[in-house]
Amino acid sequence: MRALKLLIILFIVSLFSIQSFSQQDKKILEDSIRNNIYSNPDKALNYLHKYLNILESENNIENIIITNASIAAAHEIMNQTDSTLFYHYKNLSIAEKPKDIIQTKHSIARILENKERFRESLRLYQQTLDLAEKNKDSKSIETVEAYIRSLKLKISKSNNALEELKTDYNNKILLGDFNLRFIRKTLIEAYIKAEKLTEAEQLIIDGLAEAKAKNDCEFIYHMNFLKSKIDVFNNKLNSAKKASAEALTCAIKLKNQEFINEIKYRNAEINFLSSNFTAAITDLNIIIESTIDKTPLQKIKYYKLISDTYKALKDSKMAEVFYYKYLEEKQKVSENKLSTLETLYNFNLNKKVASLQSDFELELDQEILEKEKYKKNNWVWTFISISLIVLIVALFFFFKIKAFQNQKRFNELMIKIKAYEDKKKTTALDPIAIEKQETVKELKETQDIVGEKDLEKDLSKTKKTNTTTEEEEEEEEEETDSGYVIDDKKVEEILIKIQKLEDKQYYLRQDCTMHNMAKKLKTNTSYLSKIVNTHLEKSFSTYINELRINHAILELKNNKRLRSYSVKGIAEEMGYKNADAFSRYFKVATGISPTVYIKKIEEIKNS
């Protein structure tokens, strides 16, 4: 019995001592976390987990959320993305206050943006903005809108977005220190992209001074890395080496392999410009062989530089290998940006329509009240007036939405045109590009702007509602082809002749039919139809229409004289006998009419 009493007394004393120790040690832990999180995040994590244990024993939810966010920040600084997201999602599962949910979703969106998962990031920003607007949290609204503008700058060139982000940066009080660092970094990158190097250098000086005063090793790295980029641009290689060395010191201290890879890339870039190609190859191979995840944008610059370096070393085989990897990643980046731009357009469209509708509803309510007050007996006129207003607004929304859709489709088309022109320019100018391609592959890749799916997706519908053309009659003839077997030598001979006719732009002639082309090729329509269907994987009429529409798209963009023609005149130039067929194929392929396309091109040329 005495032993039991003694154990109980010891247990009570130990409880009091633990409680006393936790309260006493909190302040020391908080100071240790604050002093180490941006300079030694690995060490800060030890203190954070101890602090979290104390808070969990107290069930202090508010401070648990803050501490989880700090743990996530420490993992983020060390480029441990999975752990970073784990602690943010952990916060989402316990957060109840709208403010905590807003801050956590915003943090996740920012991390996804940094990893170039732009579309996911934008959707989370939209959710966060909706929640902030619902709770009338003006500070969060301003902050999230600034980050959306920041993301927009990363995926497109926009002078308006740059000026807006500059305004955001100057609104330092509203953003707060934490967000200000990231907005400053994005603004510097935007200035460098726009070649406004003086403005970028001034922001780097301010950022470095602030980061060093706060012992913020992460942003000392970012500022030095960006400084080295400007120095390389200005060919100040010694200055670039110095900034790169300072950035590397911080990267190693933070144990961030992604940062270390980026510095190795910068050093490889400096060595390349100094004609020290062997050293550049060594650094780049280390980067490529490292196991950490690399974003598509990072892969683009790594593969491009190593290809250029092998090219300088006269190793054309390795240069070609990495050049094609560079092209693959560039295509992924273009698709990612296009997808995000589409989401951004839809987001902006919905916001504008909602705003217009809200204003209209407010005006409508006021008008109804006035009419009820002064014209109670004139209900018929009131009904007519309201109907007219609704009709006008409906028409306004219709044309406004149509204008937005046309602009979006035009932008998508311009991105495809630019990618096509870049590819043509690269193939024409770069000796690494393959000099000889197989004829079949060359023919199949002719249609780089619009493809078979674009032209055939709605043709089954249009055929039912439009007069049958010569091309469509030929396509019907093609479908009756039987299973001929043509020897490979004959196939190759016809394909080469088809390519020669394509090079001579035979497809622009109005008498370019399957019958006439077969005569030109000294074969019959059955053979021609069979070869086009089998080896080009499309019908003859689709093949000719793709060539014509692609030619029209490029010529209208680059030829001012052609843009002055009527649609009928343009159609005849492209080989069509009537304007309706040309307009129909053009709209099916691009999503917009020739008239809208010409108008948008003229706007760009005159701006």
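Residues numbered from 1 in each chain as written. Predicted model: local features only at pLDDT ≥ 70, side-chain atom pairs only at ≥ 80, totals over all residues. Heavy atoms only, no water.

So, about the overall build of the protein chain. Looking only at helices and strands, one finds 29 helices and zero strands in the protein chain. When each of the 607 residues of the protein chain is scored for burial, the buried share is 44%. Across the protein chain, every contact between residues at least 6 apart in sequence was considered, and the portion connecting residues at least 24 apart equals 65%. (Helix = DSSP H or I, 4+ residues; strand = E, 2+ residues; numbered from the N terminus. Buried < 20%, exposed > 50% of the residue type's maximum accessible area, 1.4 Å probe, protein only. Contact = heavy atoms within 4.5 Å.)

Turning our eyes to something else, we now look at the pattern of salt bridges. This model, assessed by the stated rule, comprises 15 salt bridges. For the salt bridge of Lys 301 with Glu 262, the shortest nitrogen-to-oxygen distance reads 2.7 Å. One end of the pair, Lys 301, is in helix α15 (residues 296–312); the other, Glu 262, is in helix α13 (residues 257–273), and 39 residues separate them in sequence. The exposure class of Glu 262 is buried, given its relative accessible area of 9%. The salt bridge involving Arg 509 is made with Asp 511; its shortest N-O contact spans 2.9 Å. Under the relative-accessibility criterion, Arg 509 is labelled partly exposed at 38%. (Salt bridge = Lys/Arg side-chain N within 4 Å of Asp/Glu carboxyl O.)

Glancing now at the nonpolar core. Counting 52 residues, the largest nonpolar core has Tyr 125, Leu 187, Ile 188, Ile 192, Ile 204, Tyr 221 and Met 223 as the members making the most contacts within it. When near neighbours in sequence (up to four residues on either side) are disregarded, Leu 187 contacts Leu 162, Leu 165, Lys 166, Tyr 169 and Leu 203. Within the second largest apolar cluster, 46 residues are counted, among which are Tyr 507, Leu 562, Ile 570 and Phe 582. (Core = buried A, V, L, I, M, F, W, Y, C linked by side-chain atoms within 4.5 Å.)

Take α15 next. The first and last C-alpha atoms of α15 sit 24 Å apart over 17 residues, in line with the 24 Å expected at 1.5 Å per residue. Among the residues making up α15, those that are buried are Gln 298, Ile 300, Tyr 302, Tyr 303, Leu 305, Ile 306, Ser 307, Asp 308, Thr 309 and Tyr 310. The positive-phi residue at the C-terminal boundary of α15 is Lys 314, with phi of around 65°. (Expected span 1.5 Å × (residues − 1).)

Side chains of Phe 383, Ile 384, Leu 388, Leu 391, Ile 392, Leu 395, Phe 398 and Phe 399 sit close together on the surface and give an oily, nonpolar patch of about 830 Å² of accessible area. Structurally, the position occupied by Phe 383 is in helix α17 (residues 379–429). (Patch = residues over 30% accessible without salt bridge, like charges linked within 9 Å, V, L, I, M, F, W, Y side chains within 5 Å. Areas by Shrake-Rupley, 256 points an atom, 1.4 Å probe, with all protein chains shown as cover.)

Let's shift gears to the packing of aromatic side chains. Applying the stated criterion across every chain yields a total of 14 aromatic pairs. For the ring pair Tyr 303 and Phe 322, a centre distance of 6.1 Å and an interplane angle of 35° mean the geometry is tilted. Of the two residues, Tyr 303 is situated in helix α15 and Phe 322 in helix α16 (residues 316–374); the sequence distance between them amounts to 19 residues. With centroids separated by 5.7 Å and ring planes inclined at 50°, the aromatic side chains of Tyr 576 and Phe 582 adopt a geometry described as tilted. For the pair Tyr 576 and Phe 582, one class covers both residues: buried. Here the aromatic residues Phe 410, Tyr 576, Phe 582, Tyr 585, Phe 586 and Tyr 597 are joined through ring pairs into a cluster of three or more. Stacked on the ring of Tyr 576, the Lys or Arg Arg 548 has its end atom at 5.0 Å from the ring centre. Sitting over the face of the ring of Tyr 585, Arg 584 holds its NZ or CZ atom 5.3 Å from the ring centroid. (Phe/Tyr/Trp six-rings, centres within 6.5 Å; stacked < 30°, edge-to-face > 60°. Lys NZ or Arg CZ within 6 Å of the ring centre and 35° of its normal.)

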